[in-house]
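Fold and geometry: a report
The primary structure of each chain is shown beneath.
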Amino acid sequence: MDPIREGASGVAVEDIQDRLKKLGYEISEAEQTACSFGSSTAEAVTRFRLDHDLPLGSEIDSATWAALVDECYELGDRTLYLRLPNLHGNDVRELQTRLNILGFSCGVEDGYYGVHTEAAVKQFQENVGVLADGMAFADTFDAIDRLHHVWGGKPASGPHPQGPMGYARASDVLEDIRLGFAADDPISRNVAGRIWNLAYATTERASVTLIDRLEEANTEDRIVFLISPGERPSDCKLANVEIDDPDTLPRRIHTACEASIPKHAPVRLELPVAHSYDGTFSANDAQTLAVMLLDAICGAFSDRI
């Protein structure tokens, strides 16, 4: 494109001024009314170029225009997906920031929709029970927006390890938050039973129950988890949480519960074992998973007490 500089006027200048104003740069009313590229517009362009590590100057060249367009994107303006070259812009950075805070690591918030961002989007989508195809559009944006009370105002430096839940704090959660656990195979029932034992070993006043059949669970009365092995079946619409990274597991459980549709719907906890038992899953494995899950669940709901 031919550079647009001081002295120019017209629709292109008006577009530039509107974008700069949207980003908080000051431009005189007289120049805006006349759609003229005057001294205040030139100063705004200079400041924008400085703020975005562009070469010094007051004109809009191709690189400055591309950066200006990128910075004006807001989350929800367009569908975001993995492609080459990568989609990039402020909306991608906003998505990365919110996913990192919610416990789905995108890595560095660089504004580029790369493979790490796509993987985080897929994990988030599965976590909240929407189609996990890695394409972020209306349903994914709506799910993130519903969680504004979770990510709003939080630091955006990525996942932070929480560490084990303290004994007293865990006791408070287990006594004050009513929890129910269902399971759909012998391995899952083993883990659920161990969670129940651990809960009542922590405090005799724990409000934890084992549920024989998920269909009979009263989800209005308590938070219900379905413990199940392997990937979520295609016909299962429950929010799904993979039990892998223990540092982010509490926040991912919290996200799934907060985003569940309808509200109070059970949340599926995906055990990292196959549906068919092959003899390699030991009692120690079951105990390790039970400890990890109970600690993560207590961490997920510690802010409710």
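Reference entry: report on the structure contained in this document. (Residues numbered from 1 in each chain as written. Predicted model: local features only at pLDDT ≥ 70, side-chain atom pairs only at ≥ 80, totals over all residues. Heavy atoms only, no water.)

This part takes up the overall build of the chain. A tally of helices and strands in the chain yields 12 helices and 5 strands. Computed over the C-alpha atoms, the radius of gyration of the chain is 25 Å, more than 25% above the 19 Å expected from 2.2 N^0.38 for a compact globule of 305 residues. In terms of principal-axis extent, the alpha carbons of the chain reach across some 75 × 40 × 30 Å. The proportion of buried residues among the 305 residues of the chain is 48%. Sequence-distant contacts in the chain: of pairs separated by 6 or more residues, those separated by 24 or more amount to 64%. Roughly 15000 Å² of accessible area belongs to the chain as shown, and the carbon and sulfur atoms make up 51% of that amount. Charged side chains in the chain number 27 positive and 50 negative. The centres of these two groups are separated by 3 Å. (Helix = DSSP H or I, 4+ residues; strand = E, 2+ residues; numbered from the N terminus. Rg over C-alpha atoms; globule rule 2.2 N^0.38 Å. Buried < 20%, exposed > 50% of the residue type's maximum accessible area, 1.4 Å probe, protein only. Contact = heavy atoms within 4.5 Å. Areas by Shrake-Rupley, 256 points an atom, 1.4 Å probe, with all protein chains shown as cover. Lys, Arg positive; Asp, Glu negative; His and termini not counted. Charge placed at Lys NZ, Arg CZ, Asp CG, Glu CD.)

Looking now at the environment of Thr 64. Inspection of the secondary structure puts Thr 64 in helix H4 (residues 62–72). Distance from Thr 64 to Arg 49, taken between C-alpha atoms, is 6.9 Å for residues 15 residues apart in sequence. Apart from the residues lying within four places of it in its own chain, the contact partners of Thr 64 are Phe 48, Arg 49, Leu 54 and Glu 59. In terms of polar contacts, Thr 64 uses its side chain to reach the side chain of Arg 49, at 3.4 Å. (Polar contact = N/O pair within 3.5 Å; in protein donor to acceptor, adjacent residues only side chain to side chain.)

Here we take up the packing of aromatic side chains. Counted by the stated rule, this structure contains 4 aromatic pairs. Here Tyr 25 and Phe 48 contribute two aromatic rings whose centre-to-centre distance is 6.0 Å and whose plane-to-plane angle is 75°, an arrangement assigned as edge-to-face. Here Tyr 25, found in the loop between helix H1 (11–22) and helix H2 (29–34), pairs with Phe 48, found in helix H3 (residues 39–51); they are 23 residues apart in sequence, far enough to count as distant. Seen in terms of ring centroids, Trp 196 and Tyr 200 are 4.6 Å apart; in terms of plane orientation they differ by 40°. Their pairing is tilted. With Trp 196 and Tyr 200 both in helix H10 (residues 186–202), this residue pair falls 4 residues apart, about one helical turn. Judged by relative accessible area, which is 26%, Tyr 200 ranks as partly exposed. (Phe/Tyr/Trp six-rings, centres within 6.5 Å; stacked < 30°, edge-to-face > 60°.)

Below, the discussion takes up the sheet that holds strand S2 (residues 208–211). Sheet strands associate in pairs through backbone hydrogen bonding, adopting either a parallel or an antiparallel arrangement. Spatially, the 5 strands line up as an open sheet ordered S2-S1-S3-S5-S4, and their pairing is parallel. The open sheet has two free edges, formed respectively by S2 and strand S4 (239–242), since each of these has just one partner strand. Averaged over neighbouring strand pairs, the angle between their axes works out to 25° when direction is ignored. As paired elements, strand S1 (residues 179–183) and S2 share 4 bridges and run parallel to each other. Across the sheet, Gly 180 pairs through a bridge with Thr 209, a residue of S2. Where helix H6 (residues 115–128) meets the sheet, its contacts fall on S4 and strand S5 (267–271), and the angle it forms with S4 comes to roughly 130°. (Pairing = 2+ DSSP bridges. Axes fitted to C-alpha atoms, helices over the stretch in contact; angles between N-to-C directions.)

In this section: the nonpolar core. If you look at soluble globular proteins, the nonpolar side chains tend to sit buried side by side. In terms of nonpolar packing, the biggest core is built from 38 residues, with Leu 179, Phe 225, Ile 253 and Phe 301 touching the most fellow members. At the level of elements, helix H9 (167–176), S1, H10, strand S3 (223–229), S4, helix H11 (249–259), S5 and helix H12 (283–300) are the ones that each hand at least two residues to this core. Element by element, the count of residues in this core is highest for H12, at 9 residues. With residues near it in sequence (within four places) discarded, Phe 225 still touches Leu 179, Gly 180, Phe 181, Ala 182, Ile 253, Cys 257, Val 267, Leu 269, Ile 297 and Phe 301. Counting 24 residues, the second largest nonpolar core, distinct from the first, contains Val 92, Ile 101, Phe 104 and Phe 141. (Core = buried A, V, L, I, M, F, W, Y, C linked by side-chain atoms within 4.5 Å.)

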